[in-house]
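Listed below are the residues making up each chain.
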Amino acid sequence: DLMFKIVFSLQRVLSNSFHPVLGLPIGVGSAFEGWSPRDQDIVYQVLVPMTPPRGHSFRVELDTAGKRRVRNFRIRVQQVCTCTPGSSKQRGKNMLCFLHHPEEELRSNQDPSLLQTLCKDSYLDVEKTARWFYQLVRAIWPALPHSHNWHLVLLPSTRSCQFKVSNGRESYRIEMLFGVRQGNTDIFVSSQPRPYHTSSTIWPETYAVAEIKFFNYIARRAPPDSFHLKCLQFFTHLQLGLGFSTYTTKTIVMHLLSILPPSWWSRRHFVRRLMDISESLRTCVEMRRLNHFIVGNKQLPEGIYLPPHVLMSRNYNLFHDLMMNPVAHSHA
């Protein structure tokens with residue numbers, strides 16, 4: 001409710017601007033999937049889709065400079081002609097064509113284009129976009145009904161907008177991510193932070209929307225006493241500090257959920273499923289291979305839409321580093 005009100009308010013504020021157009025927020029990550037390794041430290045991640053403002057277009061381009069196995073992209077921002085009949089009046093407000101009106105006239109009579117505000121070398125800049133989000137949230141918060149009962153604290157972040165709201169009894173930590181959808185699919189390029197240094201114009205590919213749609217699919221088929229989320233939460237908590245990421249455990253559980261019948265995840269099968277997760281992890285470490293659940297998976301449920309390059313891609317091995325580093329493999 002809070003996130004929808006924030007986005008609705010931002011949409012009104014930005015309706016005639018040359019900043020990105022915001023779509024409805026999508027809850028992603030463990031908190032919205034129904035589990036979390038630490039109950040006391042839950043972060044609610046919300047992905048806010050962005051589309052180009054009037055007079056602009058977005059072109060998502062694969063970044064080929066690095067050799068990282070994670071697919072990175074850049075979002076090229078281009079100005080488009082608005083001189084054709086009917087295009088100069090959008091959203092009920094006159095606008096000058098960025099391409100064909102004199103620069104002096106543009107400077108005097110129109111706000112700067114997106115290229116001048118949130119871009120670097122014609123590419124949408126993640127860090128500038130994050131600072132812009134922070135400023136917007138701070139500005140609109142006093143006008144929201146939640147501000148009467150909830151206290152807002154903005155938290156530091158360079159690639160997202162993080163804040164905490166509390167009312168003395170409850171406290172929620174929220175991270176607003178922003179991204180651009182690839183076509184009509186469930187795959188986005190997003191501002192999702194990465195553990196290594198990432199250029200401010202790099203937008204990594206994220207599969208979070210496709211993953212939460214998979215968990216929603218499982219929830220619709222699971223019996224009322226299903227413990228699949230408890231299994232994931234318990235085993236992930238068990239692994240904290242042992243060197244395996246929570247995403248590793250989540251990937252293993254998603255693979256198991258796709259092959260084991262829903263009835264096998266009931267309360268009475270809890271220990272057996274934990275043993276399955278443990279055995280799968282041991283086998284993957286020994287073989288030095290854990291396939292990504294989304295990339296290259298042609299057996300996903302109906303309703304999860306992937307772009308061709310993700311669907312037809314070779315399986316992405318999450319344990320690639322164990323293949324290349326014998327010391328890391330021995331430690332694992």
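This structure is a prediction, so every number in the text was calculated from the model and none was measured.

A. Region of interest: the overall build of the chain. Along the chain, the regular secondary structure elements total twelve helices and 14 strands. The C-alpha atoms of the chain give a radius of gyration of 22 Å, which matches the 20 Å a tight globule of 332 residues would have. In terms of its C-alpha atoms, the chain occupies a principal-axis envelope of roughly 70 × 50 × 35 Å. For the chain, with 332 residues in total, the buried portion stands at 46%. Sequence-distant contacts in the chain: of pairs separated by 6 or more residues, those separated by 24 or more amount to 60%. When the accessible surface of the chain is summed, it comes to about 17500 Å², and 53% of that surface belongs to carbon and sulfur atoms. Each charge class in the chain was averaged separately, 39 positive and 24 negative side chains, and the resulting centres sit 2 Å apart.

B. Seen up close, the packing of helix 7 (residues 228-239) against helix 8 (residues 246-259). Remark: helix 7 packs on helix 8, axes separated minimally by 9 Å, with the N-to-C direction vectors making an angle of 150 degrees. Classified by the angle their axes make, helix 7 and helix 8 are roughly antiparallel. In the packing of helix 7 onto helix 8, the handedness of the crossing is right-handed. Between helix 7 and helix 8, the contacting residues are His228, Leu232, Phe235, Thr236 and Gln239 on the first element and Thr246, Thr249, Lys250, Val253 and Leu257 on the second.

C. Quick look at the UniProt feature "domain: Mab-21-like HhH/H2TH-like" (unreviewed entry) in the chain. Here, the residues flagged by UniProt with the feature "domain: Mab-21-like HhH/H2TH-like" (unreviewed entry) are residues 244-295. Annotated as 62% helix and 0% strand, the span residues 244-295 places its first and last C-alpha atoms 20 Å apart.

D. Expanded view of the state of the cysteines. Tallied over the full model, the rule gives zero disulfides. Cys119 supplies the cysteine sulfur nearest to Cys161, a cysteine that is in no disulfide, at a spacing of 19 Å. On the basis of relative accessible area, Cys161 is assigned to the buried category, the value being 0%. The thiol of Cys231 is not disulfide-bonded; the next cysteine sulfur, from Cys284, is found 17 Å away. Cys231 gets classed as buried once you look at its relative accessible area, which sits at 1%.

E. Unusual backbone geometry, seen in detail. A positive phi angle, close to 55 degrees, is found at Asp121, a residue other than glycine. Tracing the chain through its elements places Asp121 in the loop between strand 8 (119-120) and strand 9 (123-124). The residue Arg288 is not glycine, and still its phi comes out positive at about 60 degrees. Structurally, Arg288 is set in the loop between helix 9 (270-287) and helix 10 (308-311).

F. The arrangement of the domain arrangement of the chain in detail. Annotation of the chain at the domain level lists domain 1 (1-207) and domain 2 (222-331). Relative placement of domain 1 and domain 2: their C-alpha centres are 31 Å apart. With 18 residues of domain 1 in contact, the opposing surface of domain 2 contributes 21 residues. For the domain 1 and domain 2 pair, buried surface summed over both sides reaches about 1600 Å², with 62% attributable to carbon and sulfur atoms. Linking domain 1 to domain 2 there are one salt bridge.

G. Structural view of the nonpolar core. Ile6, Leu22, Leu124, Phe133, Phe163 and Met176 are the most contacted members of the largest nonpolar core, which totals 39 residues. Where this core is concerned, the elements lending two or more residues are helix 1 (2-13), strand 3 (43-51), strand 5 (72-79), helix 5 (126-140), strand 11 (161-166) and strand 12 (171-181). In terms of residues, this core owes the most to one element, helix 5, which gives eight residues. Not counting chain neighbours up to four residues away, the residues in contact with Leu124 comprise Met50, Phe58, Ile75, Val77, Leu114, Leu118, Cys119, Thr129, Ser200, Thr201 and Trp203. Membership of the second largest hydrophobic core comes to 33 residues, among which are Leu232, Leu260, Val285 and Leu300.

H. Expanded view of the pairing of strand 5. The pairing of strand 4 (residues 56-62) with strand 5 spans seven bridges and is classified as antiparallel. Bridge pairing in strand 5 links His56 to Gln79. Summarising the sheet, strand 5 and strand 14 (residues 203-206) pair through two bridges and their orientation is antiparallel. Looking at the pairing, Phe73 lines up with Trp203 of strand 14.

I. Main features of the pairing of strand 11. Taken together, the five bridges between strand 10 (residues 151-155) and strand 11 define a ladder with antiparallel strand orientation. Bridge pairing in strand 11 places His151 opposite Ser166. Between strand 10 and the antiparallel strand that follows it, strand 11, lie five residues. Pairing analysis gives six bridges linking strand 11 to strand 12, with the strands arranged antiparallel. Bridge pairing in strand 12 places Val165 opposite Tyr172. Two successive antiparallel strands, strand 11 and strand 12, enclose a turn made up of four residues, where Gly168 displays a positive phi of approximately 95 degrees.

J. Geometry of the packing of aromatic side chains. The tally for this structure, following the rule as stated, stands at twelve aromatic pairs. Aromatic side chains Phe18 and Phe98 sit 4.9 Å apart centroid to centroid with 80 degrees between the ring planes, which places their arrangement in the edge-to-face category. Taken together, the residues span a long stretch of sequence, with Phe18 in the loop between helix 1 and strand 1 (21-22) and Phe98 in the loop between strand 7 (93-94) and helix 3 (103-109) at a distance of 80 residues. We classify Phe98 as buried; its relative accessible area is 10%.

So, how was this worked out
Residues numbered from 1 in each chain as written. Predicted model: local features only at pLDDT ≥ 70, side-chain atom pairs only at ≥ 80, totals over all residues. Heavy atoms only, no water. Helix = DSSP H or I, 4+ residues; strand = E, 2+ residues; numbered from the N terminus. Rg over C-alpha atoms; globule rule 2.2 N^0.38 Å. Buried < 20%, exposed > 50% of the residue type's maximum accessible area, 1.4 Å probe, protein only. Contact = heavy atoms within 4.5 Å. Areas by Shrake-Rupley, 256 points an atom, 1.4 Å probe, with all protein chains shown as cover. Lys, Arg positive; Asp, Glu negative; His and termini not counted. Charge placed at Lys NZ, Arg CZ, Asp CG, Glu CD. Axes fitted to C-alpha atoms, helices over the stretch in contact; angles between N-to-C directions. Parallel < 35°, antiparallel > 145°, perpendicular 65-115°, else oblique. Left-handed = near helix turned anticlockwise from the far one by under 90°. UniProt positions renumbered as here; feature names shortened; annotations may be inferred. Disulfide = S-S within 2.5 Å. Domains from an automatic or database assignment. Buried area = accessible area lost by both parts, 1.4 Å probe. Salt bridge = Lys/Arg side-chain N within 4 Å of Asp/Glu carboxyl O. Core = buried A, V, L, I, M, F, W, Y, C linked by side-chain atoms within 4.5 Å. Pairing = 2+ DSSP bridges. Phe/Tyr/Trp six-rings, centres within 6.5 Å; stacked < 30°, edge-to-face > 60°.

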